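Here is how the chains run, residue by residue.
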Amino acid sequence: MLLARMAEAVYWAGRYLERAEDTARIVRVHGETHIDLPVGEDVGWLPLVEIAGTTAGYREHNIRVVTRTTTVQSKGSVEAQVVAFVLTDRDNPSSVLASIAGARDNLRRARPVVPREVWELCNELWLALHSDASDITARDRRVLWLQRVIDEIQRINGVMHGTMRRDEALAFFQMGQALERAEMTCRVLAVRADSAVPGPGRDVYGEVRQMALLRSLASYQPFRRAMPAQPDAASTLRFLLQDEAFPRAVCACIGELRDLVKALPHNEPILTACTDTVVLVAEAPLAQPTASGLRAFLAELGPAIGNLNEHIEASFFSLGGSRSAVLADRSFHTGRADPAAGAVRSPAGGAHPGKIGDVVEERVYRVTHVTTYDYEAPVDQSYNEAHLRPRDTEYQRCLSHDLEVDPPPRTWFESVDPFGNAVATFVVQGGFTHMSVTATSEVLVTPCPPPPAGPPWESVRTLLEIDRQSSARDARRCRAPSRLIPTANSLAEYAEESFQPGRPLVESVMDLAGRIHRDFVYEPGFTSISTPLLEVFDQRRGVCQDFAHLMIGCLRSLGLAARYVSGYIETFPPPGQERLVGADASHAWASVYLPGWGWVDVDPTNDQFVAESYITTAWGRDYWDVSPLRGSVEGGGGSHRLDVAVDVNRVSESTANVSGSVPHRA
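What counts and how
Residues numbered from 1 in each chain as written. Predicted model: local features only at pLDDT ≥ 70, side-chain atom pairs only at ≥ 80, totals over all residues. Heavy atoms only, no water. Helix = DSSP H or I, 4+ residues; strand = E, 2+ residues; numbered from the N terminus. Buried < 20%, exposed > 50% of the residue type's maximum accessible area, 1.4 Å probe, protein only. Contact = heavy atoms within 4.5 Å. 1 Å grid on protein atoms, 1.4 Å probe; cavity = no way out; pocket = protein on both sides within 12 Å on 5 of 7 lines; lining within 4 Å. Points joined across faces, edges and corners; volume = space filled by probe spheres on them. Nonpolar A, V, L, I, M, F, W, Y, C, P; charged D, E, K, R; others polar. Pairing = 2+ DSSP bridges. Phe/Tyr/Trp six-rings, centres within 6.5 Å; stacked < 30°, edge-to-face > 60°. Core = buried A, V, L, I, M, F, W, Y, C linked by side-chain atoms within 4.5 Å. Salt bridge = Lys/Arg side-chain N within 4 Å of Asp/Glu carboxyl O. Expected span 1.5 Å × (residues − 1).

Draft legend 1. Expanded view of the overall build of the chain. For the chain, the helix and strand inventory stands at 22 helices and 16 strands. Per-residue burial over the chain gives 53% buried out of 666 residues. Within the chain, contacts between residues separated by at least 24 positions form 75% of all contacts whose residues are at least 6 apart in sequence.

Here's what the structure looks like:
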């Protein structure tokens, strides 16, 4: 349970600490670079003000100083002026000392949710730096002062990550850090664009400047490890913008922010903005980079990153609830923090309406799936694969599972397939004419929040092609045609009516599901698993498996990632009639990949999102990957009879078996 003002306090504590550490490192490296460069080759000290993003404030500050002293500044006095303004001036909200003071104030207000040692370390650091602030005019003392800032903030981060609970408070702290790092990397690249992009010809001091750029972002050694021995002109930019494994690269920062936000409620606008920003970074003009082109790109990327802060402020910290509102059980009730008693906020922070969360209702289902085979002649051997154990997902947990086979199998093997589904493989031998397989499971289902509208579907298709994150790589497996789902121009043309240019992905997907629901007739027995999908499309008839295949084929024909999901759905009898035992059936639906959110499950048979009345068993490329039970037999005559009976019953949580997985009974 987390107060909104506590969340805001730890968020800004993370931002301020990251800002202080980054600024200290940049100033230290800048001073060291002046030693390596001869007179005339250095760039002076004013770029530090640009990197800090306080050029206007520095000008006002400088005018006040000149007015008081009525003297012309020498080169040495410019250095002293800039260093004092960037490091210790309390009128500069981005100075190192002001940032540590801001972190200190926020940690003091957040003491109920952060380790006490963190607050004490930050307080001791501020007191020590404040007392030694006058020593920064001497370069040797300044280096020690800056190194202390870096070391102590890294120590604070270590204590925070080593002793704090992995809850919402830590998530907000990490969100602040990730966003501040992304902004700082963009500002450094914008100011150091000439060093980031080598110009034509050989610059004698180009390598020194490039090394200084990398060292100022603590990335020199990681860059050398990741890049080839002879990097090209875009290697530095590619590493600092798009490397997902380096925590200060813009792409990695936004990816971390996206993962943290995903676990919080009311995250739709932020996730959409994160996805748009990731797409923008992935499309950075790196083919033939130029300094001017880089500055133009960063002029677009910087506001996009700043917009993420606005979304965080609006969703979690701004007016829209009472002062005592809380974040708990995936429900966030926001309350505005009074400036007198709340968090020290960024000067750029905005105020937007907040949101109220919903109450989470969990359900426990008992699923019984009975499959029986009757053969006209004795079977010598039956080989079987079963996908009958419900999956554990973010919103579903299998409490117990029991698989009973009669006659008892001679061999039994349990494994996990390439899609993460549980598979039971067994062989039954011994001249039998009847075999039954009974799967009984208890499953806890938690309602999942509705997905955001998402970015334009074309942006999602582009991101799928270029995104190197593991989730996107896995999703790309579900873009290509599969055994039962081809891609075709006719399917793409059918889908295009729903996928208009610039239309949000989820909105387009739901429109397509609604059209399939209206245009196709549900007719059991009209098709079989061997009926080609394009025949189903032409005949406009089928069952849930056909409609799921059809929707997936349409999405893949447009270049999107979609997978087939097998499971169950709770059904109810008509009004006034009793529920028949075994009247339920296995069900199937489609799932489309939304970057930044994950997989969005949609049921075209019923024209709705998959909700808490659905139970997921397995997913794959099509039905062939996840069929509940399949196999082969030796003997059995020329034919057999197959019966399937499914019951999905809701039970109270108090009666659920929570002991975990139960071994099969044979």
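So that's the structure; there's more coming.
Draft legend 2. Expanded view of the layout of surface pockets. For the second largest pocket, the calculated volume is near 1100 Å³. Lys262, Glu394, Trp597, Gly598 and Trp599 are, among the 48 residues lining the second largest pocket, the residues nearest its centre. With seven residues, helix α13 (residues 250-262) is the single largest residue contributor to the lining of the second largest pocket. Residue composition of the lining of the second largest pocket, grouped by class: 24 nonpolar, 11 polar and 13 charged.

Draft legend 3. Region of the structure containing the sheet that holds strand β13 (residues 608-609). Across the sheet, five strands lie side by side as β13-β12-β11-β10-β14; this open sheet has antiparallel pairing. Each having just a single partner strand, β13 and β14 (614-620) make up the two edges of the open sheet. Bridge count for strand β11 (residues 586-594) against strand β12 (residues 598-603) is five bridges, and the pairing is antiparallel. Its bridge partner lying in β12, Ser591 is registered against Asp601.

Draft legend 4. Inspection of the pairing of strand β6 (residues 411-416) at higher detail. Of all six residues making up β6, only zero are buried, and the element is barely covered by its neighbours. Both β6 and strand β7 (residues 422-445) contribute to a ladder of six bridges, which runs antiparallel. Its bridge partner lying in β7, Thr411 is registered against Val427. Where β6 hands over to β7, the hairpin turn is made up of five residues, of which Gly420 adopts a positive phi near 85 degrees.

Draft legend 5. Region of the structure containing the environment of Glu634. Its place among the elements puts Glu634 in strand β15 (residues 629-635). Accessibility expressed as a relative area gives 46% for Glu634, which makes it partly exposed. Separated by 255 residues in sequence, Glu634 and Val379 place their C-alpha atoms 6.0 Å apart. Among residues more than four places away in sequence, those in contact with Glu634 are Val379, Asp380 and Gln381.

Draft legend 6. How the structure looks around the packing of aromatic side chains. On inspection of all chains with the given rule, the structure shows 20 aromatic pairs. Ring centres of Phe172 and Phe317 lie 5.8 Å apart, and the angle between their planes is 50 degrees; on these two criteria the pair is classed as tilted. Note that Phe172 is positioned in helix α8 (residues 168-191) and Phe317 in helix α15 (residues 291-317), a separation of 145 residues in sequence. A residue is classified by how much of its surface remains accessible, and Phe172, at 0% relative accessible area, is buried. Residue classification places Phe317 among the buried positions, given a relative accessible area of 0%. Within the aromatic cluster, the residues linked to one another by ring pairs are Tyr11, Trp12, Tyr16, Phe172, Phe316 and Phe317.

Draft legend 7. Up close: empty space enclosed by the protein. The full count for this structure, using the stated rule, is three cavities of 30 Å³ or more. In this structure, the largest cavity spans a volume of roughly 50 Å³. Asp22, Arg25, Arg181, Met184, Thr185, Ser216, Leu217, Ala218 and Arg248 together form the lining of the largest cavity. Among the elements of the structure, α1 (4-36) and α8 are those that each provide at least two residues to the lining of the largest cavity. No other element matches the three residues that α8 contributes to the lining of the largest cavity.

Draft legend 8. Representation of the nonpolar core within the structure. Counting residues in each nonpolar core, the largest one holds 152 residues, and the members touching the most others are Phe172, Met175, Leu241, Leu301 and Phe499. In this structure, Met175 is in contact with Tyr11, Leu257, Leu260, Val261, Leu264, Ile312 and Phe316, ignoring residues within four places of it in sequence. Val367, Ala439, Val646 and Val648 belong to the second-largest nonpolar core, a separate cluster that totals 23 residues.

Draft legend 9. Summary view of the side chain of Glu313. Residue placement: Glu313 occurs in helix α15. Assessed through its relative accessible area of 0%, Glu313 is described here as buried.

Draft legend 10. Examining the side chain of Thr275 more closely. Mapped onto the fold, Thr275 is located in helix α14 (residues 268-282). Sequence-distant contacts of Thr275, that is, excluding residues within four places in its chain, are made with Arg258, Pro455, Leu463, Pro595 and Gly596.

Draft legend 11. Structural view of the pattern of salt bridges. Counted by the stated rule, this structure contains 30 salt bridges. Close ionic contact of Arg215 with Glu32 constitutes a salt bridge, the shortest N to O distance being 2.3 Å. Taken together, the residues Arg215 in helix α10 (residues 206-216) and Glu32 in helix α1 connect sequence positions 183 residues apart. Glu32 sits in the partly exposed class, given a relative accessible area of 25%.

Draft legend 12. Summary view of the environment of Ala495. Looking at where Ala495 falls in the secondary structure, it is placed in helix α18 (residues 489-496). Judged by relative accessible area, Ala495 falls into the buried class, the value being 0%. Considered as a pair, Ala495 and Ser557 are 62 residues apart in the sequence and their alpha carbons are 8.6 Å apart. Excluding residues that lie within four positions of it along the chain, Ala495 makes contacts with Leu512, Arg515, Cys554 and Leu558.

Draft legend 13. Local environment of helix α7 (residues 139-163). Its 25 residues place the ends of α7 36 Å apart at the C-alpha level, agreeing with the 36 Å of an ideal helix rising 1.5 Å per residue. Of the positions making up α7, those classed as buried are Arg142, Trp145, Leu146, Val149, Ile150, Ile153, Ile156, Asn157, Val159 and Met160.

Draft legend 14. Molecular detail of the pairing of strand β4 (residues 363-386). The sheet contact formed by β4 and β7 spans 19 bridges and is antiparallel. Residue pairing in the sheet places Glu385 in a bridge with Thr425 of β7. For β4 and strand β16 (residues 640-651), the ladder comprises 12 bridges, and the chain directions are antiparallel. In the strand pairing of β16, Val364 is matched with Val651.

Draft legend 15. Looking closely at the environment of Glu180. Note on placement: Glu180 falls in helix α8. For Glu180, a relative accessible area of 1% gives the class buried. For the pair Glu180 and Ile305, spaced 125 residues apart in sequence, the C-alpha to C-alpha distance is 9.4 Å. Excluding its chain neighbours within four sequence positions, the residues that come into contact with Glu180 are Arg15, Glu18, Arg19 and Arg187.

Functional significance is not addressed by these values, which are geometric in nature.
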